[in-house]
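Letter by letter, the chains look like this.
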There are 2 protein chains.
Amino acid sequence: MPTHPLEEILHPRAIAVVGASNRGGGGPGFVAPLQELGYKGQIYPVNPKYSEIMGMKAYASVKDIPGVVDYVISSVPASQVLGVLEDCRQKGVKAVHLFTARFSETGREEAAKLEQEILELARKGGIRLIGPNCMGVYYPREGISFSSGLPRESGPVGLASQSGQAVHEIVDLATQMGLRFSKAISYGNALDFNECDYLEYFAQDPETKIIMMYIEGVRDGRRFFDSLRHTTATKPVIIVKGGRGGAGTRATASHTASLAGSVEVWETAVSQAGAVSAAELEELVDLAAAFYYLPPIKGRRVGVAGGSGGSSVLAADQCEEAGLDVIPLPVKIREELKAKGSAIWDWIGNPADFSIAWDDFDFGEMIEMMAANENFDFLILFVSGPWQRGASRSIKNLIEEHMKRFRLEEINKPLLVVFQEGGRGSDSDRTMQKMMNEIKMRLIAANIPIFPSIGRAARAASKVIDYYQRGK
Amino acid sequence: MPTHPLEEILHPRAIAVVGASNRGGGGPGFVAPLQELGYKGQIYPVNPKYSEIMGMKAYASVKDIPGVVDYVISSVPASQVLGVLEDCRQKGVKAVHLFTARFSETGREEAAKLEQEILELARKGGIRLIGPNCMGVYYPREGISFSSGLPRESGPVGLASQSGQAVHEIVDLATQMGLRFSKAISYGNALDFNECDYLEYFAQDPETKIIMMYIEGVRDGRRFFDSLRHTTATKPVIIVKGGRGGAGTRATASHTASLAGSVEVWETAVSQAGAVSAAELEELVDLAAAFYYLPPIKGRRVGVAGGSGGSSVLAADQCEEAGLDVIPLPVKIREELKAKGSAIWDWIGNPADFSIAWDDFDFGEMIEMMAANENFDFLILFVSGPWQRGASRSIKNLIEEHMKRFRLEEINKPLLVVFQEGGRGSDSDRTMQKMMNEIKMRLIAANIPIFPSIGRAARAASKVIDYYQRGK
């Protein structure tokens, strides 16, 4: 199999940042993030206004750089891009990431024309383009980053996004869930490489096990859905579509010059291709966490436990509304409870309400019985909620108590944990907050995905089941 | 108009807690919360096992109390309740709150029979009952509370809930939104006073301007919907229904012995009565905040501003999916921008994308133009999101910058603010968190409701508009 063109581009021997400055963060400051993530190749800042940038020698143009340059980041104004590209062509640069914006997304004829001229010049010079109007590449293993503070650790999630803001938001949310990225690429107007290329790249990339996409418009629908069908046979692909209605479509045009189509046609095609649709970025991350941490879930019969009173009732409603089957508590479990002398063996149900059961039996036993019972395909457990008040005990004790009460690390069935955060922002709640974070970290370390609400856990489980039930 | 029976009961001269103990919090510890909230009447702990409870003389029975007792909280086991009621009858007690549970909600015949005997004895003795199987009354102005840490301040929101856990959760969430309660009552199995009584009480209560309910089952549908129709003419009523499907209905039976009916019939009846349905407790609180802080919204045409890239695109989608009308940016605003020399006057749209506009014009001016434009019925603004990274400036400066950039306190149109929280839990994010909390508090102080996502803001706005458009 030939190497995918992006594979070579993503392992540059040297990166030049044209329009570099001493300012950190996004915008013109693309040098600092490369230093921060420890990019191993040469970094060449380019800006005729400076002799030194971020402690490194600055060059007046790409042509003045002494060594080889494979990859160039352009943050000069749109009017200067053709000149930069000509320099790159002469220098033998393989790829240019155009952070530079204000092209076709402005809706202006001359800007769209300039964009096409850039594409033609790039093609003539054998230069591939990422963007324009995008943040570019975050590839932690290679030490490539476009923003300060992105995690240094690598992971199995690949992300292609037309929006750079979405990459920031998704990486932040995913990091809180314990997920890490193989590569996350913001690709803006998709002038050269487009959504099909990124999808096909992640499909063949051995570092990527789960694929996330944020797409505003598809340039070649036939190729995209063919690739998608092919990819979903081996890797889950989760997609958020931006621009679903009239106003959203207007917004995609001015954001990345994308022409969004009918949302119904889109949803049908995504579903037929075996991919999973998410309505918003939070759901995208929920689904990635469910795919990453859980073994395949074979059916819809869920056991729910650990809630309290009204939260148990609403849990049942939200599971059913998400398309799950909240079966009655199996007779076998009732009989086991009765044999153990439980006073509520005939009363406790599914969801198993912790407020009923707290003085009757060890709740860990209930969860073990549910885990052992063949009638349940998977479990959703509440381990935290606003009903747990007054954290006067030491943090360590409460963590131990949580883990012991629910025996979560011993469960041998797909398990989603609902970790709802409450609290009124008082001082005692900050202690609670710290404790909750420790429990969260420990759950994640035990490969248990956590969700902030029963609704989000239930919807993620249901869509993951859809994926596995499509004949895989 | 005669005084509502609950009005007299809620102003007791003395409260006796039967089954009191020295343990704080919920469960048997109903004495401490009364002390904590500064209840002005006499508190009498009753428990034959103690001579002193929480620093107060304990009595062996209600009959042994020297003074008058209007209100009794029962946390003795179910088997002792008839005895307690007989004592109360002899003592002339007016109302008993039965925290005591394990009656009809167990599904057992003898428990349901005992519950009926309790009702008969109470009626014979002229005693009104709250519960059984509930947390009872939180009435901050009167100093009545059932749990430690509930706010001392009073407010305009009345809450009646079949679930005590839901009261805790709703009060916590609402407090974070700056809302306070007139009374919040958990009423469990609704043996004597039921949902109709609580609704009718709040309807006539001058301290209550907005009514929230969490209902698992309605005992008298005709009376309830008549009262509801009557009430919604003057006060918004927001209702979460627990037990919407098969499993949820089974759960309501074992939680509060409620028989939930068809969800479709319920939704239609609620809507026809002019009340507002919420799917979960978070939405209940979102809606209360929208009703409390916003003037009536007259139409669906929304101006959206302050998002960035993909978040602006998804904002448009989510507003439309919530039933709002995200109109194109009015020509008048484009002309004003052009006159001011904006380079993006023809490109910027609605949503107005901050990432496009940040170096072109003062974003506060855009919001002022939207606020002044007659084509918009209301505005939704993002003031915070994960794209705002690297809070190196002082907290105070960043708050000032936020408030100045958006000029939120000057806006003369219904305004919802989206305050999305991101961050990766690092140390710098804790500083960010503190800063964000300060901005939030300042927005709330300026009577601006805040929402954690565009979807929640849009859905709350849409349902509030539904309410006002039903011929009010």
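**Side note on the confidence of the model for chain A**
Residues and elements named next belong to chain A.
Argument step 1. For chain A, per-residue confidence averages 90 on the pLDDT scale, and residues scoring 70 or more make up 92% of the total.
Argument step 2. Ignoring residues within four places in sequence, the model shows residues 423-427, a span with pLDDT below 50, making 10 contacts including any to other chains.
Argument step 3. The complex prediction reports pTM at 0.93, with the ipTM value standing at 0.91.

**A look at the interface of chain A and chain B**
Argument step 1. Every contact between the two is made by 58 residues of chain A and, on the other side, 59 residues of chain B.
Argument step 2. Among the elements of the structure, helix H5 (164-176), helix H8 (246-256) and helix H11 (310-321) of chain A are those that each provide at least two residues to the side of chain A that touches chain B.
Argument step 3. Top contributing element to the side of chain A that touches chain B by residue count: H11 of chain A, with nine residues.
Argument step 4. Looking at side-chain class alone, the side of chain A that touches chain B contains 14 nonpolar, 32 polar and 12 charged residues.

**Comments concerning the pairing of strand E2 (residues 42-46) of chain B**
Looking along a regular strand, one sees the side chains alternate between the two faces of the sheet.
Residue and element names in this part refer to chain B.
Argument step 1. E2 sits mainly inside the fold: four of its five residues count as buried.
Argument step 2. Sheet topology places strand E1 (residues 14-18) next to E2; five bridges connect them, and they run parallel. By the bridge assignment, Ala16 is partnered in E2 with Tyr44.

**Comments concerning the domain arrangement of chain A**
Argument step 1. The domains assigned to chain A are domain 1 (5-130), domain 2 (153-293) and domain 3 (302-469).
Argument step 2. Looking at the side of domain 2 of chain A that touches domain 3 of chain A residue by residue, the classes come out as eight nonpolar, one polar and two charged.

**Points about the pairing of strand E16 (residues 415-419) of chain B**
All names here are of chain B.
Argument step 1. Judged by how many residues are buried, E16 sits mostly within the fold: five of five residues are covered.
Argument step 2. Burial of the side chains of E16 extends over both faces: Leu415, Val417 and Phe419 are buried on one face and Leu416 and Val418 on the other.
Argument step 3. Across two bridges, the pairing between E16 and strand E17 (residues 450-451) is parallel. Residue pairing across strands places Val418 opposite Phe451, the latter belonging to E17.

**Re the environment of Lys235 of chain A**
Residue and element names in this part refer to chain A.
Argument step 1. Looking at where Lys235 falls in the secondary structure, it is placed in the loop between helix H7 (221-232) and strand E12 (237-241).
Argument step 2. With 16 C-beta atoms packed within 10 Å, Lys235 lands in the partly exposed category.
Argument step 3. With 72 residues separating them in the primary sequence, Lys235 and Ser163 have C-alpha atoms 23 Å apart.
Argument step 4. Leave out the neighbours within four places in its chain, and Lys235 touches Ala203, Lys209, Ile210 and Ile211.

**Notes on the environment of Tyr39 of chain A**
Residue and element names in this part refer to chain A.
Argument step 1. Following the sequence through the fold, Tyr39 ends up in the loop between helix H2 (31-36) and strand E2 (42-46).
Argument step 2. The spacing of Tyr39 and Pro140 is 101 residues in sequence and 8.8 Å in space, taken between C-alpha atoms.
Argument step 3. Excluding its chain neighbours within four sequence positions, the residues that come into contact with Tyr39 are Ile15, Leu34, Gly143 and Ile144.

Calculation notes
Residues numbered from 1 in each chain as written. Chains lettered and ligands numbered in written order. Predicted model: local features only at pLDDT ≥ 70, side-chain atom pairs only at ≥ 80, totals over all residues. pLDDT = per-residue confidence, 0-100. Contact = placed C-beta atoms within 7 Å. Helix = DSSP H or I, 4+ residues; strand = E, 2+ residues; numbered from the N terminus. Nonpolar A, V, L, I, M, F, W, Y, C, P; charged D, E, K, R; others polar. Buried ≥ 20, exposed ≤ 12 C-beta atoms within 10 Å, placed from the backbone. Pairing = 2+ DSSP bridges. Domains from an automatic or database assignment.

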